[in-house]
Each structure stands twice: as C-alpha cells, then as structure tokens.
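Below, each chain spelled out in residue letters.
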Amino acid sequence: MLQEYYDKIVEWSKERKIIPNAKLLVQVGKMMSEKSEISEAYIKQDYNEMIDGIGDTFVTIVNVTELSKLKGSNKKLNLETKYANYDSAIECILNLDVI
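Counting restarts for each chain: residues are numbered from 1 in the order of the written sequence. Confidence filtering applies because this is a predicted model: local features only for residues at pLDDT of at least 70, side-chain atom pairs given and counted only at 80 or more, and all residues used for totals across whole chains, interfaces and linings. Hydrogens and waters are ignored; side-chain quantities use all the structure's heavy atoms.

The next subject is the overall build of the protein chain. The secondary structure listing takes helices from DSSP runs of H or I that are at least 4 residues long and strands from runs of E that are at least 2 residues long, numbered from the N terminus. Across its full length, the protein chain holds five helices and zero strands. Reading the protein chain from its N end, one meets helices and strands in the order α-α-α-α-α. Exposed residues in this analysis have more than 50% of their type's maximum accessible area, buried residues have under 20%, and partly exposed residues fall in between, with area computed by a 1.4 Å probe over protein chains only. For the protein chain, buried positions account for 31% of its 99 residues. Contacts are assigned to residue pairs with any non-hydrogen atoms lying within 4.5 Å of each other. Pairs at least 24 apart in sequence give 62% of the contacts found in the protein chain among residues at least 6 apart. With residues, only the protein chains shown are counted as cover, and all accessible areas are computed by Shrake-Rupley using a 1.4 Å probe. Of the roughly 6,600 Å² that the protein chain leaves accessible, carbon and sulfur atoms contribute 53%.

In structure tokens:
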C-alpha cells in the first residue's frame, strides 16, 4: 500500500519537475520543516494539521529518496515489510527504514 503512494508521489513530483530539478539540500530542509509542523500541530492538538503535515512529510521523504538515487545512492525505502502493517501513519513516517 505505501509503495503505491510512493509511486504516485514520484509521478506527481516528475510532472511538476521537482524530480530531477530540485536541489537535494532544499528538499532535505523542506522535509525537516514538515516534520516540525507535525510536532507543532500535535502540541496545539490540531489533528487535521497534523495529518496534513504527515502527508507533506511523506512527499518530501520520497523526493529526497529519489533525488538521492540520482546522485548515486542505491538505497530504497523499506515500505513493504516491517512498517507496512503499522496502524499509525505517524509512527510509520517517523520510523521509515532505509535499506
């Protein structure tokens, strides 16, 4: 299931020319910013904003992964095993494994 979302995000990012044109460092910065927004939303108990931040964080994680591959990385996110059964999207996003 997560792999399907991953693939759709890659397609979305390519349509918008984020992949391959975005700067890796900028995407890493966006990823960190989005993760911070999840924490801020949690503190405010704004759960709608928290869910939005989770989605945005996943998009930036995918972009960072794909841009890293273009730079020569042979790693991929482990989406189909250990974390595919998590009930909590938050737990999944915060614990994504790189293999």
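Attention shifts here to the pattern of salt bridges. The salt bridge criterion pairs a side-chain nitrogen of Lys or Arg with a carboxyl oxygen of Asp or Glu, the two atoms within 4 Å. Scanning the entire structure with this criterion turns up two salt bridges. In this structure, Arg-16 and Glu-15 form a salt bridge, with 3.5 Å as the shortest nitrogen-oxygen distance. Owing to a relative accessible area of 53%, Glu-15 belongs among the exposed residues under this scheme. Measuring nitrogen to oxygen at the nearest pair gives 3.1 Å for the salt bridge that ties Lys-69 to Glu-66. Of this pair, Lys-69 and Glu-66 both sit in helix H4 (residues 47-70), three residues apart, which is roughly one turn of the helix.

With that out of the way, let us pick up the nonpolar core. With nine residues, the main nonpolar core is built from Tyr-6, Ile-9, Val-10, Met-31, Phe-58, Ile-61, Val-62, Val-64 and Leu-77. If you list the elements that add at least two residues to this core, you get helix H1 (2-15) and H4. Ranked by the residues each element gives to this core, the list is headed by H4, at four residues. Here, the term nonpolar core denotes a set of buried Ala, Val, Leu, Ile, Met, Phe, Trp, Tyr and Cys residues that are joined through side-chain atoms within 4.5 Å.

To continue, consider a nonpolar patch on the surface. A surface patch of nonpolar side chains, amounting to about 390 Å² of accessible area, comprises Tyr-42, Ile-43 and Tyr-47. Position of Tyr-42 among the secondary structure elements: in helix H3 (residues 24-43). Think of a patch as exposed residues, more than 30% relative accessible area, with no salt bridge, where like charges cluster within 9 Å and nonpolar side chains (Val, Leu, Ile, Met, Phe, Trp, Tyr) cluster within 5 Å.

Structurally, Asp-52 is set in helix H4. On the basis of relative accessibility, which here comes to 37%, the residue Asp-52 falls in the partly exposed class. C-alpha of Asp-52 to C-alpha of Glu-34: the two residues are 18 residues apart in sequence and 9.3 Å apart in space.

As a further point, take the packing of H1 against H4. Whenever a helix is involved, its axis is fitted only over the stretch in contact; in every case the axis is a line through C-alpha atoms, and angles between N-to-C directions fall within 0 to 180 degrees. Between H1 and H4, the least distance of the axes is 10 Å, while the angle of their chain directions is 70°. Comparing their axes, H4 and H1 come out roughly perpendicular. In this structure, H1 uses Leu-2, Tyr-5, Tyr-6, Ile-9, Val-10, Trp-12 and Ser-13 to contact H4, whose residues at the interface are Phe-58, Val-59, Val-62, Asn-63, Thr-65, Glu-66 and Lys-69. Residues of the contact of H1 with H4, tallied by class, amount to nine nonpolar, three polar and two charged. Relative orientations are named as follows: roughly parallel for angles under 35 degrees, roughly antiparallel for angles over 145 degrees, roughly perpendicular for angles from 65 to 115 degrees, and oblique for any other angle. Side-chain classes follow a simple rule in which Ala, Val, Leu, Ile, Met, Phe, Trp, Tyr, Cys and Pro form the nonpolar group, Asp, Glu, Lys and Arg form the charged group, and the remainder, Gly included, forms the polar group.

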